[in-house]
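Below, each chain spelled out in residue letters.
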Amino acid sequence: MVKKIDESVVGLAKTEREGAWREMARQVAHEIKNPLTPMKLSIQYLQKAIDSNAPNVKELSANVAKTLIEQIEHLSKIAAEFSQFANIGNTKNEEFDLHEILYSLVSLLGMNENVQISWNPLGETLMIDADKTQINRLFTNLLQNAIEAIPDNKNGHILIEEVINDSNVLVSIKDNGTGIPEETQGKIFTPNFTTKTSGTGLGLAMCKGIVEKAKGEIWFETQVGAGTTFYVKLPLTTLNVQRSTFNVP
């Protein structure tokens, strides 16, 4: 009986892995097919214009070229997202100050005229041991999501705050966007799930994987029509009480 139970467990794990890969393959095929359709139609339309000696072939060629470039960039983005998701487990940890990443992102994304980003950094340097590239990707994704959650007819405001609890730092990113509907809240961190009209749906699933690899936690609180706050808790390696040299944008 024990042997049969072991065989059942192994078989179930194999089935789950195969199911996950089938779902991932389906998603890849779907995402690639979307850009290929307008590319094919554009080329066919241009070929028809050339065959019929249409007088505006030059103008059509320019439009088709523009469409092809846009869709190729979209394909490149899709490939990059799947590649990043697949490489979550390949970490190259180093010790660094989390403020370096937050300062860079706030400076860059703060140039958006439609959204005000406020950051309240602690005076201490927040040293963590993690993959710096992946942590940068984590907060880039969370901040971009916060910006995109704010409707065009609303003055956007994003608040970033930090709290030290024991040997951890808790970073919160609060937006005043549309909030997350109750029926979708349980699926937010599920791969391939997205509330956007475009994209692979890997963003928040990738964020969760990055945080877990850094031995941290991620969760959110939301109110429909009022906004969402994402929380990221990461373990600190050392705490330097010297004042930070960063000037908040």
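Calculation notes
- Sequence order as written defines the numbering, with residues in each chain counted from 1.
- Local features in this predicted model are restricted to residues of pLDDT 70 or higher, and side-chain atom pairs are both shown and tallied only at a pLDDT of 80 or more, whereas totals for entire chains, interfaces and linings draw on every residue.
- Values shown for side chains rest on all heavy atoms present in the structure; no hydrogens or waters enter the calculation.
- For helices the rule is a DSSP run of H or I covering at least 4 residues; for strands it is a run of E covering at least 2, with both sets numbered from the N terminus onward.
- We call a residue buried when its accessible area falls under 20% of the maximum for its residue type, exposed when it is over 50%, and partly exposed in between, using a 1.4 Å probe and counting protein chains only.
- Using a 1.4 Å probe, the Shrake-Rupley method yields the accessible areas, and only the shown protein chains count as cover for residues.
- Expected span, for any helix, means 1.5 Å times one less than how many residues it has.
- In this description, one arc is meant: the one made by directions from the helix axis to the C-beta atoms.
- Residues adjacent in sequence count toward polar contacts only when both atoms are side-chain atoms; beyond that, a polar contact is any pair of N or O atoms within 3.5 Å, and within protein one must be able to donate a hydrogen and the other to accept it.
- Strands were regarded as paired on the criterion that DSSP finds at least two bridges between them.
- Axis angles are defined between N-to-C directions and span 0 to 180 degrees, where every axis is a line fitted to C-alpha atoms and, for a helix, only to the segment in contact.
- The salt bridge criterion pairs a side-chain nitrogen of Lys or Arg with a carboxyl oxygen of Asp or Glu, the two atoms within 4 Å.
- Residues grouped as a nonpolar core are buried Ala, Val, Leu, Ile, Met, Phe, Trp, Tyr and Cys residues, joined through side-chain atoms within 4.5 Å.
- Whether two residues are in contact is decided by their heavy atoms: any pair within 4.5 Å suffices.
- The pairing test for Phe, Tyr and Trp rings, Trp by its six-membered ring, is centres within 6.5 Å, and the orientation test on the planes gives stacked under 30 degrees, edge-to-face over 60, and tilted for anything in between.

A. Up close: the overall build of the chain. Scanning the chain from terminus to terminus reveals five helices and eight strands. Across the chain, helices and strands are ordered from the amino to the carboxyl terminus as α-α-β-α-β-β-α-β-β-α-β-β-β. Out of the 249 residues belonging to the chain, those deemed buried represent 35%. Of the roughly 15300 Å² that the chain leaves accessible, carbon and sulfur atoms contribute 53%.

B. Region of interest: helix H3 (residues 98-109). Here H3 contains twelve residues, and its C-alpha end-to-end distance of 17 Å stays within 8% of the 16 Å for a straight helix at 1.5 Å per residue. Turning to H3, its buried residues number three or more, namely Leu98, His99, Ile101, Leu102, Leu105, Val106 and Leu109. On an axial view of H3, the arc spanned by its buried residues comes to 160°, and they lie on one face. One side-chain oxygen of the residue at the start of H3 lies 3.1 Å from the amide nitrogen of His99, identifying that residue as Asp97.

C. Up close: the sheet that holds strand E2 (residues 115-120). Pairing is mixed across the open sheet formed by five strands, whose spatial order is E2-E4-E5-E7-E6. Bordering the open sheet on either side are E2 and strand E6 (217-223), each of which pairs with just one other strand. Averaged over all adjacent pairs, the angle separating strand axes in this sheet is 15°, with direction ignored. Examined bridge by bridge, E2 and strand E4 (residues 156-165) share six bridges and lie parallel to one another. Along E4, the bridge assignment pairs Ile117 with Ile158.

D. The pattern of salt bridges, seen in detail. Using the criterion set out here, one finds three salt bridges in the structure. Across the salt bridge formed by Lys132 and Glu100, the nearest N and O atoms sit 2.8 Å from each other. Taken together, the residues span a long stretch of sequence, with Lys132 in helix H4 (residues 132-148) and Glu100 in helix H3 at a distance of 32 residues. Judged by its relative accessible area of 28%, Lys132 falls in the partly exposed class. Note that Glu212 and Lys208 form a salt bridge whose closest N and O atoms lie 3.1 Å from each other. One end of the pair is Glu212 and the other is Lys208, both in helix H5 (residues 203-213) and four residues apart, which spans about a single turn. According to the relative accessible area criterion, Glu212 is partly exposed, its value standing at 47%. In this structure Lys208 comes out as partly exposed when scored by relative accessible area, which is 29%.

E. Local environment of the nonpolar core. One finds Leu98, Ile135, Leu138, Phe139, Leu142 and Ile158 to be the most contacted residues of the largest nonpolar core, which totals 41 residues. When residues of this core are assigned to their parent elements, the largest contribution, seven residues, is made by H4. Each residue touching Leu138, except ones within four places of it in the same chain, is listed here: Cys207, Ile210, Val211, Ile218 and Val232.

F. The arrangement of the packing of aromatic side chains in detail. Per the counting criterion, the structure on display carries two aromatic pairs. Ring geometry for Trp219 and Tyr231: centres 5.5 Å apart, planes at 15°, overall stacked. Taken together, the positions of Trp219 in strand E6 and Tyr231 in strand E7 (residues 227-235) put the pair twelve residues apart, joining distant regions of the chain. Classification of Trp219 by relative accessible area gives partly exposed; the value is 30%. Between Phe220 and Phe230 the ring centres are 5.5 Å apart and the planes differ by 40°, which places this aromatic pair in the tilted class. Of this pair, Phe220 sits in strand E6 while Phe230 sits in strand E7, and the two are ten residues apart along the sequence.

G. Representation of the side chain of Thr228. Mapped onto the elements, Thr228 comes out in strand E7. Of note is the side chain of Thr228, whose polar atom sits 2.8 Å from the side chain of Thr222. Not counting the four nearest positions on each side in its chain, Thr228 is found in contact with Ile173, Lys174, Asp175, Gly179, Ile180, Phe220, Glu221 and Thr222.

H. Just the pairing of E6, in detail. Strand direction decides the pairing type here: E6 and E7, joined by seven bridges, are antiparallel. By the bridge assignment, Ile218 is partnered in E7 with Val232. The hairpin turn running from E6 into E7, its antiparallel successor, is three residues long, and Gly225 in that turn takes a positive phi close to 85°.

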